[in-house]
Amino acid sequence: TRYWRDWSSDVCSSDLFSTGPALLAHHTGAAVIPSFVLRLPGGRYRAITCPPVPMATGPLREVLRENTQRIADVFEVRIREHPEQWFNYVPLFQNA
């Protein structure tokens, strides 16, 4: 499944995930390290940190969509494992 969302740039038009982390990584060389917090029974939580997402290199216009998708792919695995714990802070669907 393809997921991405660009909130402010004309470089990449997207639908769901922000291109922000991929842009930051591209411009600064920062690692993108996805992290998640799962709610457990009894009011407990488990923090999960994934390995850094490998970023493609090259001109921004050529790699932004690919790198955003690589990040989204990591999130997709966790969301599919725990869909009841996923909450999006912005509307995803216009007519829902």
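Above this text sits the structure in question.
The numbers attached to residues start from 1 for each chain and follow its sequence in the written order. The model is predicted, so local features are restricted to residues of pLDDT at least 70 and side-chain atom pairs to those at 80 or more, both for listing and for counting; the totals for chains, interfaces and linings are taken over all residues. Only hydrogens and water are set aside when side-chain values are computed; all heavy atoms of the structure are taken into account.

Participant: Explanation requested: helix α2 (residues 60-81) in the structure shown.
Facilitator: Owing to its 3.6 residues per turn, the α-helix brings residues three or four apart onto one side. A helix here means a DSSP run of H or I that spans at least four residues, while a strand means a run of E at least two residues long, and both kinds are numbered starting from the N terminus. Each residue after the first adds 1.5 Å to the expected span of a helix. Over its 22 residues, α2 extends 32 Å from the first C-alpha to the last, a length consistent with the 32 Å expected when each residue adds 1.5 Å. Those residues of α2 that sit buried are L60, V63, L64, N67, T68, Q69, I71, A72, F75 and E76. Those residues of α2 that are buried are in contact with α1 (20-28) and β1 (35-40). Remark: exposure states derive from per-residue accessible area (1.4 Å probe, protein chains only) relative to the maximum for the residue type, with buried under 20%, exposed over 50%, and partly exposed in between. Here, two residues are considered to be in contact whenever any of their heavy atoms come within 4.5 Å of each other.

Participant: So what exactly am I meant to see when it comes to the environment of T49 here?
Facilitator: Topologically, T49 is positioned in strand β2 (residues 44-49). Put simply, T49 and P34 are 15 residues apart on the chain and 6.1 Å apart in space, counted from C-alpha to C-alpha. Among residues more than four places away in sequence, those in contact with T49 are I33, P34 and S35.

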